[in-house]
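# Close look at the chain arrangement
Residues per chain are reported as follows:
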Amino acid sequence: MSQTPFAFNASNLDAWAKAAAKSAPGGNVDALNWKTPDGIVVKPLYTAEDTAKLPYANTLPGFEPFLRGPQATMFAVRPWTIRQYAGFSTAEESNAFYRKALAAGGQGVSVAFDLATHRGYDSDHPRVTGDVGKAGVAIDSVEDMKILFDQIPLDKVSVSMTMNGAVLPVLAGYVVAAEEQGVSPDQLSGTIQNDILKEFMVRNTYIYPPEPSMKIIGDIIEYTAQHMPKFNSISISGYHMQEAGANQALEMAFTLADGKEYVKTAIAKGMDVDAFAGRLSFFWAVGMNFYLEIAKMRAARLLWCRIMKGFDAKNPKSLMLRTHSQTSGWSLTEQDPYNNVVRTTIEAMAAVFGGTQSLHTNSFDEAIALPTEFSSRIARNTQLIIQEETHITNVIDPWAGSYMMESLTQEMADKAWAIIEEVEAMGGMTKAVGSGWAKLKIEAAAAEKQARIDSGKDVIVGVNKYKLAKEDPIETLSIDNVRVRDGQIERLAKIRASRDSAKVQAALDALSASAESGQGNLLDLSIQAVRLRATVGEVSDALEKAFGRHRADTQKVTGVYAAAYDDGENVGDTMEYWNQLKADIAAFADAQGRRPRVMISKLGQDGHDRGAKVVATAFADLGYDVDMGPLFQTPEECARQAIENDVHAVGVSTLAAGHKTLVPAIIAELKKQGADDIIVFVGGVIPRQDYDMLYEAGVKGIYGPGTPIPVSAKDVLEQIKKAIG
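The following paragraphs examine the structure supplied in this document. The shown structure was predicted, so the numbers you read here are calculated from the model rather than taken from an experiment.

Thresholds applied
Residues numbered from 1 in each chain as written. Predicted model: local features only at pLDDT ≥ 70, side-chain atom pairs only at ≥ 80, totals over all residues. Heavy atoms only, no water. Helix = DSSP H or I, 4+ residues; strand = E, 2+ residues; numbered from the N terminus. Rg over C-alpha atoms; globule rule 2.2 N^0.38 Å. Buried < 20%, exposed > 50% of the residue type's maximum accessible area, 1.4 Å probe, protein only. Contact = heavy atoms within 4.5 Å. Areas by Shrake-Rupley, 256 points an atom, 1.4 Å probe, with all protein chains shown as cover. Salt bridge = Lys/Arg side-chain N within 4 Å of Asp/Glu carboxyl O. Pairing = 2+ DSSP bridges. Right-handed = clockwise from strand over helix to strand, strands pointing away. Patch = residues over 30% accessible without salt bridge, like charges linked within 9 Å, V, L, I, M, F, W, Y side chains within 5 Å. Core = buried A, V, L, I, M, F, W, Y, C linked by side-chain atoms within 4.5 Å. Axes fitted to C-alpha atoms, helices over the stretch in contact; angles between N-to-C directions. Expected span 1.5 Å × (residues − 1). Arc of directions from axis to C-beta.

## Let's talk about the overall build of the protein
In terms of helices and strands, the protein carries 29 helices and 16 strands. On C-alpha atoms alone, the protein measures out to a radius of gyration of 26 Å, which is about the 27 Å that the 2.2 N^0.38 rule sets for 725 residues. For the protein, the spread of C-alpha atoms along the three principal axes comes to 95 × 70 × 50 Å. For the protein, with 725 residues in total, the buried portion stands at 59%. Once local pairs closer than 6 in sequence are excluded, the contacts in the protein between residues at least 24 apart make up 79%. For the protein, the exposed area adds up to about 28400 Å²; of that, 52% sits on carbon and sulfur atoms.

## Notes on the pattern of salt bridges
A full pass over the atoms with the stated rule returns 49 salt bridges. Note that D646 and R594 form a salt bridge whose closest N and O atoms lie 3.7 Å from each other. Of this pair, D646 sits in the loop between α26 (635-644) and β14 (649-654) while R594 sits in the loop between α24 (574-592) and β12 (597-601), and the two are 52 residues apart along the sequence. A network of salt bridges, in which partner residues are shared, links D122, D124, R496, R499 and E538.

## With respect to the pairing of strand β10 (residues 323-327)
For β10, the buried fraction is high: five of the five residues fall into the buried class. Here strand β9 (residues 280-286) runs beside β10; their pairing, made up of five bridges, is parallel. Paired with F282 across the strands is T323, a residue of β10. Taken together, the three bridges between β10 and strand β11 (residues 358-360) define a ladder with parallel strand orientation. In the sheet register, H324 faces β11, and the bridge partner there is S358. In terms of handedness, the path from β10 via helix α14 (residues 339-354) over to β11 forms a crossover that is right-handed.

## Quick notes on the side chain of S233
When you line up the elements, S233 lands in the loop between β7 (231-232) and β8 (234-237). Contacts of S233, omitting those with residues within four sequence positions, involve I192, N194, I220, I221, T224, R279 and L280.

## A few points about a nonpolar patch on the surface
A cluster of nonpolar residues, M288, V342 and I346, forms a patch on the protein surface that exposes about 240 Å² of accessible area. Take M288: it is sitting in the loop between β9 and α12 (290-310). On the basis of relative accessibility, which here comes to 38%, the residue M288 falls in the partly exposed class.

## Topic: the nonpolar core
Among the nonpolar cores identified, the biggest contains 86 residues, and M201, F254, L256, F276, W304, M308 and M429 are the most heavily contacted of them. Sorting elements by how many residues they give to this core places α12 first, with 12 residues. With sequence-adjacent residues up to four places away left out, F254 is seen in contact with M201, M241, I419, V423, M429, W437, A438, K441 and I442.

## Describing helix α7 (residues 196-203)
With respect to burial, α7 is a largely interior element, eight of its eight residues being buried. N204, located one to two residues past α7, shows a positive phi value of around 70°.

## What to know about the sheet that holds strand β15 (residues 679-684)
Read across the sheet, five strands follow the order β13-β12-β14-β15-β16 without closing on themselves; strand pairing throughout is parallel. Looking at the sheet topology across the chains shown, the edges are occupied by β13 (625-628) and β16 (701-703). Put simply, the sheet's adjacent strands are angled 20° from each other on average, direction ignored. Examined bridge by bridge, β12 and β14 share four bridges and lie parallel to one another. Looking across to β14, one finds that M599 is bridged to V650. Contacts from helix α25 (residues 610-622) reach β12, β13, β14 and β15, with the element oriented near 160° to β13. Contacts from helix α27 (residues 659-672) reach β14 and β15 within the one sheet, and its direction differs from that of β15 by about 160°.

## Some remarks on helix α3 (residues 91-103)
Taking 1.5 Å as the rise per residue, α3 with 13 residues should run 18 Å; its terminal C-alpha atoms sit 18 Å apart, in good agreement. Burial in α3 covers these residues: A91, S94, N95, F97, Y98 and A101. Buried residues along α3 cover an arc of 160° about the axis, so they all sit on one side.

## Points about the environment of E471
Mapped onto the elements of the fold, E471 is located in the loop between α18 (437-454) and α19 (481-498). Between the C-alpha atoms of E471 and Q335, which are 136 residues apart in sequence, the distance is 7.5 Å. Excluding residues within four positions of it along the chain, E471 makes contact with E334, Q335, D336 and P337.

## Description of the environment of T430
Within the secondary structure layout, T430 lies in helix α17 (residues 429-434). For the pair T430 and Y262, spaced 168 residues apart in the sequence, the C-alpha separation amounts to 9.7 Å. Every residue in contact with T430, bar those within four places of it in the chain, is listed here: L197, M214 and E261.

Next up, the structure:
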């Protein structure tokens, strides 16, 4: 008995639409469409008709345009590299962690530096008292670097370093530490992030202004191309853009546009594109938008190939986009934190399906504190299980040919390309960053996303739906900042006492002269200075003499957060709560003769300002007067500005574990300057066990990750009322 095979045609599709309409809301099949944050409409059903005219649906991995992967066999022969991004306050503790991770299946070292190092300050600098050893390892000199990589063979282990601002002394320290281990520069493999344009948009660990920062990048690309052929001279990073609020299309477009700008910079130095382009790498965030993340990574390879052909690159390696990926830190929740194990697993699978070359999986407790050894092991094993147990690696690009995925890949490419063309019309990414346009686009996306969560439109399990009535505490890692700083200062004193100071000063003067004249290679000169035991801070200061230190303008978007409450889609109590709070704030203004005024502040060297900017936007949309303090304030500077601006409250946003030092300091400074009537509230990544200490210090409100902003805004209003009587 023969059967007639099903053949797709228009009448069959019409029949499906009629059948689907029976269960669709209001009988409208279009109501099943999903509009992504990028503005792409994702349908509930895709057919052969959707891929019939796509130009790249039948390409192969390892061949132009590399949509299906940069290597022909991908994970079927060699799975991605398992990395563990970590830095534990001191070089000794970090070294112990790396060696354990390598012994337990890790395949490369990824170094997280503390914020003092990122910003080019030695540990004894007065501006970094609350930052040393927090959120990463403190590195002041090559002696710290030697300890960091002790018994780790640098000719065999790939090293990735997330460093941008103080990239010259840190990369120089790595090269010199390897030399003194007996490993020459041409044997080194790994990646230095060295992506400064992204820093001006989102992460803010810059030191120098954009133009001299681009000069540094060009010198690093030049030096590594000549002396370190196995080392990736730059990791062009979209990760921090998504963490700061960018949707997938913005992340991809801005990252590729940054890459295009770096290629222009190297070519302007007289380099042939094929001499360096093969050592450029990329770095993506992978969040919970599963389909879009896979499509983004496939589309990015397609577009990078197109961009590099525009530079007349001939070598296939110059056309390939190779990438590291990291699961989202922003998607991790403080509430019900074991859910984060599931989130990280889903995100890791999206990265693998998208074809990443290496991967770091975040630990479940990173919304609360630095990861513990226990949580880091679960994160690492997540990758090992995917590699060793699932057989996912046996098939190259398993999504190839999917009607949905091929269509979504093309739509992502088209959406990102339109943004790239907009950037080019502005004169390139340096101009787009310098104008503040790119940063504001990301901040608007962040405010919109937060409003969708707070209003309940986007579900976060355990946060705004299916919440636990009572949460059990989990063990978190705590860093003794004072102990770490004291140890670093002691080591710095020994280095300065034992070196040839005259030779060090001559090397630093040569570095300043080169920065001033534009002659010579700054990485080469930094290596010479670091060999003589010049410190990270001294090399940075020598460059600052010529370049100056960048000061960012503080801007905020308005109206974007409120739009999520004003578009008529809200259900339940969120809209009523929002309107009542606006009315309460208006009533306060009528009674007091002015609106409640708050200053949102970032203290210390923590440049992660997504939370601060979103809070400022939402508070302003509610009717508060909102001031934004500049980044990197000391408590004394913050208190002075708060008094000058006559604010009712100071809100401190903290994501880098400096709250135990810096928050009590701002309260003490306000009191010292005669303004203890100004209340202080805190938001961000704060372990629950630190709450009592902060309340005892005088904090009036603590709002951890997942706190709806209207709830915190109402509480702040009540605290202001109490303070003024």
